[in-house]
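# Report on the structure
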Amino acid sequence: MRWLVTAAWIGVLGMMVTSVGGAGLGAHGLGPATTTGTGVPAVICCGGGGGGGGSNGTYEVILFEDGLPSGTNWTLTFDGTNHATTSTAFEFWEKNGSFNYSAEVLPGYATTPASGEVLVDGGSVIQLITYLATGYEVTFSETGLPSGTAWWVSLDGGAAVESTSASLMIPAADGNHTYQVYAPEDYPTAVYSAGTTAGSVTVDGAPVAAPSIKFTSLIWSITFTESGLPKGTGWSVNLSEEGTGWNSTESSSGSQISYAGLFNAEYCYVINGVAGYVSSPTTGCLELSGASQKVPVTFQASGGEKIVGGPGSAPGVAAREPAGTTGIRPEMECCGGGGPPDYPVTFEEVGLPNGTTWSVNLSGWDIGGNASSLEFFEPNGTYNFTVQQLANFTSQPVAGQLTVDGSSATVGVPYLPALYEVSIPESGLPSGTAWWVEAGTAPWVESTASSLMVPSASGTNVSYHVLGPSEWPSTVYKPGPQNGWVETSAQPTTVSTVKFVSQVWEITFAETGLPKGGTWSVSLNNTTWSLKSESSGSSIVFAGLYNATYSYTVHPPSGYSASPTTGRLVLSGASQKVSVKLES
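Structural notes, computed from the coordinates.

Criteria and thresholds
Residues numbered from 1 in each chain as written. Predicted model: local features only at pLDDT ≥ 70, side-chain atom pairs only at ≥ 80, totals over all residues. Heavy atoms only, no water. Helix = DSSP H or I, 4+ residues; strand = E, 2+ residues; numbered from the N terminus. Buried < 20%, exposed > 50% of the residue type's maximum accessible area, 1.4 Å probe, protein only. Contact = heavy atoms within 4.5 Å. Polar contact = N/O pair within 3.5 Å; in protein donor to acceptor, adjacent residues only side chain to side chain. Pairing = 2+ DSSP bridges. Core = buried A, V, L, I, M, F, W, Y, C linked by side-chain atoms within 4.5 Å. Axes fitted to C-alpha atoms, helices over the stretch in contact; angles between N-to-C directions. Salt bridge = Lys/Arg side-chain N within 4 Å of Asp/Glu carboxyl O. Disulfide = S-S within 2.5 Å. Phe/Tyr/Trp six-rings, centres within 6.5 Å; stacked < 30°, edge-to-face > 60°.

### Regarding the environment of Ser-447
Checked against the element boundaries, Ser-447 lands in strand S40 (residues 445-447). Given the relative accessible area of 8%, Ser-447 is considered buried. Between the C-alpha atom of Ser-447 and that of Trp-436, which follows or precedes it by eleven residues, the distance is 6.3 Å. The contacts of Ser-447, once residues within four sequence positions are left out, are Thr-433, Ala-434, Trp-435 and Leu-452. Polar side-chain contacts of Ser-447 include one of 3.0 Å to the backbone oxygen of Ser-451.

### Here's the deal with the pairing of strand S37 (residues 409-417)
Alignment of strand S30 (residues 343-350) against S37, held across six bridges, turns out to be parallel. Within the sheet, the bridge partner assigned to Val-345 lies in S37 and is Ala-409.

### Brief notes about the nonpolar core
Judged by nonpolar contacts, the single largest core of 42 residues is most densely connected at Ile-424, Phe-509 and Tyr-552. A total of four residues in this core trace back to one element, the largest contributor, which is strand S51 (residues 548-555). Discounting chain neighbours no more than four positions away, the residues touching Tyr-552 are Leu-128, Phe-509, Val-522, Ser-523, Leu-524, Pro-564, Thr-565, Thr-566, Gly-567, Arg-568, Leu-569 and Val-578.

### Some details on the pairing of strand S28 (residues 293-301)
In the sheet, strand S21 (residues 220-227) pairs with S28 via six bridges, with the strands oriented parallel. Looking across to S28, one finds that Thr-223 is bridged to Lys-294. As judged from the four bridges shared by strand S26 (residues 277-280) and S28, these two strands associate in the antiparallel manner. Residue pairing for S28: Val-278 is matched across the bridge by Gln-300.

### Some points on the environment of Asn-354
Here Asn-354 shows up in the loop between S30 and strand S31 (358-362). Look at Asn-354 and you get exposed, because its relative accessible area is 84%. Once the C-alpha coordinates of Asn-354 and Ala-371 are considered, the two residues, 17 residues apart in sequence, prove to be 8.0 Å apart.

### Some thoughts on the sheet that holds S28
Pairing within the open sheet is mixed, and its four strands lie in the order S24-S21-S28-S26. A single partner strand is all that each edge strand has here, and the edge strands are strand S24 (256-262) and S26. Strand after strand, the sheet turns through a mean of 20 degrees between neighbouring axes, direction not considered.

### Observations concerning unusual backbone geometry
Of note, the bond from Thr-112 into Pro-113 is cis; its omega dihedral lies within 30 degrees of zero at -15 degrees. Within the fold, Pro-113 resides in the loop between strand S10 (109-112) and strand S11 (115-120). The step from Ser-280 to Pro-281 runs through a cis peptide bond, and the omega angle for that step is 0 degrees. Topologically, Pro-281 is positioned in the loop between S26 and strand S27 (283-288). In this structure, Asp-79 takes a positive phi of about 55 degrees despite not being glycine. For Asp-79, the location among the structural elements is in the loop between strand S6 (74-78) and strand S7 (81-85). For Asp-156, which is not a glycine, the phi torsion comes out positive at approximately 55 degrees.

### Considerations on the side chain of Thr-149
Structurally, the position occupied by Thr-149 is in the loop between strand S12 (125-143) and strand S13 (151-155). A polar contact is formed between the side chain of Thr-149 and the backbone oxygen of Pro-146, at a distance of 2.9 Å. Not counting residues up to four positions away in its chain, the partners in contact with Thr-149 are Ser-163, Thr-164 and Pro-184.

### Overview of the side chain of Ser-252
The residue Ser-252 is located in strand S23 (residues 247-252) in this model. At 2.8 Å, the side chain of Ser-252 and the backbone nitrogen of Gly-254 are in polar contact. Aside from chain neighbours lying at most four places away, what touches Ser-252 is Thr-233, Gly-234, Trp-235 and Ile-257.

### Here's the deal with the pattern of salt bridges
One side chain can pair with another of opposite charge once the charged atoms of both are near each other. One pass over the full model with this rule turns up three salt bridges. Linking Glu-117 and Lys-581 is a salt bridge whose minimum nitrogen-to-oxygen distance equals 3.3 Å. Separated by 464 residues along the polypeptide, Glu-117 in strand S11 and Lys-581 in strand S54 (residues 576-583) bring together distant segments of the chain. In this structure Glu-117 comes out as partly exposed when scored by relative accessible area, which is 27%. Accessibility expressed as a relative area gives 9% for Lys-581, which makes it buried.

### A few points about the state of the cysteines
What the rule picks out here adds up to one disulfide. Two residues share a disulfide in this structure: Cys-268 and Cys-285, whose sulfurs sit 1.9 Å from each other. Handedness of the Cys-268-Cys-285 disulfide follows from its S-S torsion of about 95 degrees: it is right-handed. Separated by 17 residues along the polypeptide, Cys-268 in strand S25 (residues 265-271) and Cys-285 in strand S27 bring together distant segments of the chain.

### A look at the packing of aromatic side chains
Enumeration according to the criterion identifies 17 aromatic pairs in this entry. Measuring from centroid to centroid gives 4.9 Å for Trp-74 and Phe-90, while their planes differ by 65 degrees, and the two rings are edge-to-face. Placement of the pair is Trp-74 in strand S6 and Phe-90 in strand S8 (residues 89-94), with a sequence separation of 16 residues. Considered together, Trp-74 and Phe-90 belong to a single accessibility category, that of buried residues.

### A word on the sheet that holds S23
An order of S23-S22-S25-S27 is seen for the four strands of this open sheet, with the pairing classed as antiparallel. The sheet is open, and its two borders are formed by S23 and S27, each paired with just one other strand. Recorded for the sheet is a direction-independent mean angle of 25 degrees between the axes of neighbouring strands.

So this is what it looks like as structure tokens:
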């Protein structure tokens, strides 16, 4: 099937229509047109009534094209004279009067309007000529997404086209085209990953299908499977996501505890104690990166190992001192005594580099070493403990209380890198507007204030990325700089202010020729606003528009014709105006 490319995808968050009554465009000299990279005038100034034309009573007439590749040679016949250019606009200075024009019809393009008339009546005139590429269907298909899930494809850097089915089609002219694939829920953590995120396709006089896109789920699970507990015994696991503060405790009287719906991230866990049993492992950390994981947990009945020399120890049993530990409790160095049994009290650390020396104080007694676990032996009772704090690390917990009640006790001690605040200020956003920063490997941090803080370890170079409000598909505010890095130290750090610049513009339609009291309207992207004109110089303004391509249709009152009737505009960093002539 052959297409005529006429549709323009628009990402509009909000629009406002206002009327500007008064004395029309007036005679204001435009000077040379300032154009964007697309060739569309970026700034078009039209003044109020009377005066402002050329020194010899002439007024500026601009006819510009939109839609041709940069550098394309095109011709225009204006007032009987032929003109040619590779730029996007022709500029004439004319006295009051009407002037016919016709634009060259180029192969592979439809021209709208191909010809017409411009009326100079005491002011500048601007006429848009749109070249629309004729093309063929490019079909994109996907596998792996649940039915009804939205995904997007952008062709040649244009606006993304959405689909909730397994395929979508985008018309394109002959030639080579590049495309970009957007997965669902692309921010802040991708739920699906596209096997092909970008590619190219060639159109050669017929419809074409791009290679199928395979989406893979990025939601995983962690399953803990226990062995050693009697059937029906309850046990539980606490799981936390590093750097986010999220944690959850799940319990079960079966053999498995499973956490589902987890993203790629680092998670730490604690196997909570079960009376009369010791678990292995007790604590640990793991990273999800493209696959689910399983953690086997073994429970063993706790024993009544004795230590020689202290109160409650039994004679003839050697004192235990794990390799790599240095115990300085006096009762571990002598023999004798009797009394109630002692039970192992074990502190297990995770997170320290191998060979790092650390220590724990339990009710006034210290044990230190460079092994991953430190062990005390205590009779039944309640004991306070304190964990040694190390430079550039924070232990969890720092201090606490434990109870020995007829079985061993284990305390997990995760050591985490000490984090310090990196402050990122912003300017330019309206009060209360949300914005985001991603620093290092930490998750996105959101703020509705004029600054936000992200955590970072001391002595590291942290890269960060700023995301403005409504970043996709159209940028409402552009941050600058958008990326940066900072070297942190053991104290709060502030980076340069991120300045947001608004990317919201407006399109103004200004009419001439309609008697006072007449009603006319303009449809922009199939949304119509009607405005009753109070004079021959009334205007319709569409505000709150983003950088994008917009199509429009002018609806004159009964008995009148409009020039132009339809057209297309590209907003790219500035507002625009369109002059409309209404004739009976």
